[in-house]
Amino acid sequence: MTQTNTNQDIIDYTVRLGDDAIVIGHRVSEWISNAPFLEEDIALGNVALDFIGHARMYYGYAAELTNKTNGNDDTTEDDFAYLRDERQFQNHLLHELHKGDFAYTTIRQLLIDIYNKYFLEKLKDSSDETLAAIAIKAAKETRYHCRRSKDWTLRLGDGTTESHQRMQTALDDLWGYSHELFEQDELEQRLVALGVAVDCASLKADWLAEVSAIIEQATLTVPTQEWAVRGGRQGYHTEHLGHLLTQMQFIARSFPDAKW
Amino acid sequence: MQPYQPIIPSKSVEQFEREQFRRNSVVPQLWACLDHVKDPEIPALSLWDIGILKDIKLDNGQATVTITPTYSGCPAMDAISEDITIAFRDIGIKNTTVITELSPAWTTQWMTDKGRAQLRDYGIAPPNDVIGDAKELNNDTQVMCPHCKSDNTTLVSEFGSTACKALFKCNTCHEPFDLFKHI
């Protein structure tokens, strides 16, 4: 494995992490002005902003590495966010699924936030110093996200008949998308061997234990049906990502290089 | 309830190290210049007092300023970079580079005592006004109200007007207020 190939692996991996962050950040931002009440509207706006901030850190680093590899300086974070098509995005499918109702968003955030908690804790030890620094920064914010997701899951799961039902439906609908979070392709395995990437398969036991405990405390049932949808890391997406990108990329593509 | 005032003022290690770093700088006039640059979201606080200003260097008329973001998505960072460049241009430094450094990650420990007092006067509770553990907010967390100093308060939302704040209401004076969250 040559140094150039390894650099490209790190760029690709960093972009994936950026894709996860920007796609969920954009999805959560769709709640702004639609949340159940004002304080929650503001909270969701802040959570979305944190994710978009993480995406900027990942994409910014990927751009820096790209420029270093190519010996120029014309790649920016915006190129990754705005100028790639659906098949080039490699986010997990769970992140891109439609906004759904508030129960759907709450369950999705619970699954993702707890995952991020364990993931970032490991990324802090990455042999890549920049990725480790990003993880330290992002982990602090994730603590607040986890607490919020857990509180809402308990409140709505153990709430009214209607809220309980909606939460269980969301959980059943989303569960099959969670398995992909713990799977690795060859690229990630190569980087795990170098100590750069997180061995995400190793996170599953802790994640499952914590998520299951919250779900049970919320009087909900952990799904047992065996089905899984996967493909995000290979660029195979659900129908939802294309719609998200049209909205997210429209201004940047209609007015190239526009500045505020 | 009055804020806890130690008889012998004590500083955290982080605060002490920051102050010592600034004292040892060879360009004290530039640090003084940036004391006039305020956080655009909280205009009561200077960049120094909020703790995001890390280093200033001057080399051949070219200034390099290192700052660190409070929250990674903080939209104020671009405005802050611009304000720094303008402040230096006003004192005759034409070229300023602002570097954003992620590591070590910003912590509310870097906020100065003056900054905490200014925050309180501005109507935002600093993280040290949390009664009990500031690191673990929950529905029973009490914070001293910056308006009337009561500690009979209720957490409304862990996410306030900006990512760095949580929203509380005071049950004594009935005013809402923000808490600058510990991070």
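Please refer to the structure higher up on the page.
A brief look at the structure comes next. A quick note: this is a predicted structure, and the numbers were derived from the prediction, not measured.

Thresholds applied
- Residues numbered from 1 in each chain as written.
- Chains lettered and ligands numbered in written order.
- Predicted model: local features only at pLDDT ≥ 70, side-chain atom pairs only at ≥ 80, totals over all residues.
- Heavy atoms only, no water.
- Helix = DSSP H or I, 4+ residues; strand = E, 2+ residues; numbered from the N terminus.
- Rg over C-alpha atoms; globule rule 2.2 N^0.38 Å.
- Buried < 20%, exposed > 50% of the residue type's maximum accessible area, 1.4 Å probe, protein only.
- Contact = heavy atoms within 4.5 Å.
- Areas by Shrake-Rupley, 256 points an atom, 1.4 Å probe, with all protein chains shown as cover.
- Lys, Arg positive; Asp, Glu negative; His and termini not counted.
- Charge placed at Lys NZ, Arg CZ, Asp CG, Glu CD.
- Phe/Tyr/Trp six-rings, centres within 6.5 Å; stacked < 30°, edge-to-face > 60°.
- Lys NZ or Arg CZ within 6 Å of the ring centre and 35° of its normal.
- Buried area = accessible area lost by both parts, 1.4 Å probe.
- Salt bridge = Lys/Arg side-chain N within 4 Å of Asp/Glu carboxyl O.
- Polar contact = N/O pair within 3.5 Å; in protein donor to acceptor, adjacent residues only side chain to side chain.
- Nonpolar A, V, L, I, M, F, W, Y, C, P; charged D, E, K, R; others polar.
- Arc of directions from axis to C-beta.
- Axes fitted to C-alpha atoms, helices over the stretch in contact; angles between N-to-C directions.
- Parallel < 35°, antiparallel > 145°, perpendicular 65-115°, else oblique.
- Left-handed = near helix turned anticlockwise from the far one by under 90°.
- Pairing = 2+ DSSP bridges.
- Core = buried A, V, L, I, M, F, W, Y, C linked by side-chain atoms within 4.5 Å.

**Topic: the overall build of chain A**
- Looking only at helices and strands, one finds 10 helices and zero strands in chain A.
- Mapped in sequence order, the helices and strands of chain A form the string α-α-α-α-α-α-α-α-α-α.
- For 260 residues, the compact-globule estimate of 2.2 N^0.38 gives 18 Å, and chain A sits close to it at 18 Å.
- Dimensions of chain A, computed from the C-alpha atoms along their principal axes, are close to 60 × 40 × 30 Å.
- For chain A, the residues scored as buried account for 55% of the 260 residues in total.
- At a minimum sequence separation of 6, the contacts of chain A that also span at least 24 residues come to 79%.
- Carbon and sulfur atoms form 51% of the exposed surface of chain A, whose accessible area is close to 11,700 Å².
- Measuring between centres, the 25 positive side-chain charges of chain A sit 3 Å from its 42 negative side-chain charges.

**Looking at the packing of aromatic side chains**
Residue and element names in this part refer to chain A.
- This structure, assessed with the given rule, holds 13 aromatic pairs over all chains.
- Aromatic pair Y59 and F80: ring centres 5.8 Å apart, planes at 25°, arrangement stacked. Placement of Y59 in helix α2 (residues 38-70) and of F80 in helix α3 (residues 77-82) is noted, with a sequence separation of 21 residues between them. Residues Y59 and F80 agree in their burial class; the two are buried.
- Following the ring pairs from residue to residue traces out a cluster consisting of Y115, F119, W175, F182 and W207.
- In this structure, K99 packs its charged tip against the face of W31, placed 4.5 Å from the ring centre.
- Taking the ring centre of W152 as reference, the NZ or CZ of R155 above it sits at 4.7 Å.

**A few points about the interface of chain A and chain B**
- Listed per partner, the contact involves 23 residues of chain A and 27 residues of chain B.
- Approximately 2,100 Å² of surface area, both sides summed, lies buried where chain A meets chain B, with 57% of it carried by carbon and sulfur atoms.
- The largest contributions to the chain A side of the interface with chain B come from A:K137, A:K140 and A:Y144, which together make up 32% of the buried area.
- Here A:R147 ties to B:E158 by a salt bridge, and the two come within 3.1 Å at their closest N and O atoms.
- Taken together, the connections running from chain A to chain B amount to nine residue pairs in polar contact (both at pLDDT 80 or more).
- Broken down by secondary-structure element, the contributors of at least two residues to the side of chain A that touches chain B are α2 and α6 (129-157) of chain A.
- Split by residue class, the side of chain A that touches chain B holds nine nonpolar, four polar and 10 charged.

**Describing helix α8 (residues 186-193) of chain A**
All names here are of chain A.
- If you check which residues of α8 are buried, you get L187, E188 and L191. Viewed along the axis of α8, the buried residues span an arc of 95°, placing them on a single side of the element. Opposite its buried face, α8 presents the exposed residues E186 and A193, each directed more than 90 degrees away.
- Among the structural elements, α1 (3-29) are those in contact with the buried residues of α8.
- Note on α8: the residue one or two positions beyond its end, G195, has a positive phi of about 80°.

**Observations concerning unusual backbone geometry**
- Cis geometry marks the peptide bond from B:S103 to B:P104, where omega comes out at 0°.
- Topologically, B:P104 is positioned in the loop between β3 (95-100) and α5 (113-122).
- One non-glycine residue, A:T219, lies in positive phi territory at about 60°.
- Note that A:T219 resides in the loop between α9 (204-217) and α10 (239-254).
- Given the relative accessible area of 39%, A:T219 is considered partly exposed.
- Of note, B:K149 is a non-glycine position whose phi angle comes to about 70°, a positive value.
- Topologically, B:K149 is positioned in the loop between β6 (142-143) and β7 (153-157).
- Assessed through its relative accessible area of 25%, B:K149 is described here as partly exposed.

**Things to note about the packing of helix α5 (residues 102-123) of chain A against helix α7 (residues 161-174) of chain A**
Residue and element names in this part refer to chain A.
- For the pair α5 and α7, the least separation of the axes is 8 Å and the interaxial angle reads 50°. On the basis of the axis angle, α5 is oblique to α7. The crossing of α5 and α7 is right-handed. Together, A103, Y104, T106, I107, R108 and L111 of α5 and R166, M167, A170, L171, D173 and L174 of α7 make up the contact between the two elements.
- Of the residues belonging to the contact of α5 with α7, the class tally is eight nonpolar, one polar and three charged.

**Some details on the pattern of salt bridges**
Residue and element names in this part refer to chain A.
- Per the counting criterion, the structure on display carries 23 salt bridges over all chains.
- When the shortest N-O distance is used, the salt bridge between E162 and R166 registers 2.8 Å. Taken as a pair, E162 and R166 lie in helix α7 at a separation of four residues, close to a single helical turn.
- Assessed through its relative accessible area of 40%, R166 is described here as partly exposed.

**Considerations on the sheet that holds strand β4 (residues 124-125) of chain B**
Residues and elements named next belong to chain B.
- On the basis of which strands lie adjacent, the open sheet formed by four strands has the order β4-β9-β8-β7 and mixed pairing. The open sheet terminates on both sides in strands that have one partner only, identified here as β4 and β7.
- The pairing of β4 with strand β9 (residues 176-180) spans two bridges and is classified as parallel. Within β9, the residue paired with I124 across the bridge is D178.

**Observations concerning the nonpolar core**
- If you look at the biggest cluster of nonpolar residues, it comprises 130 residues, and the most contacted ones within it are A:Y13, A:L123 and B:F88.
- Leave out the neighbours within four places in its chain, and B:F88 touches B:L30, B:C33, B:L34, B:I56, B:A63, B:V65, B:I93 and B:T96.

Geometric values such as these leave the question of function open.
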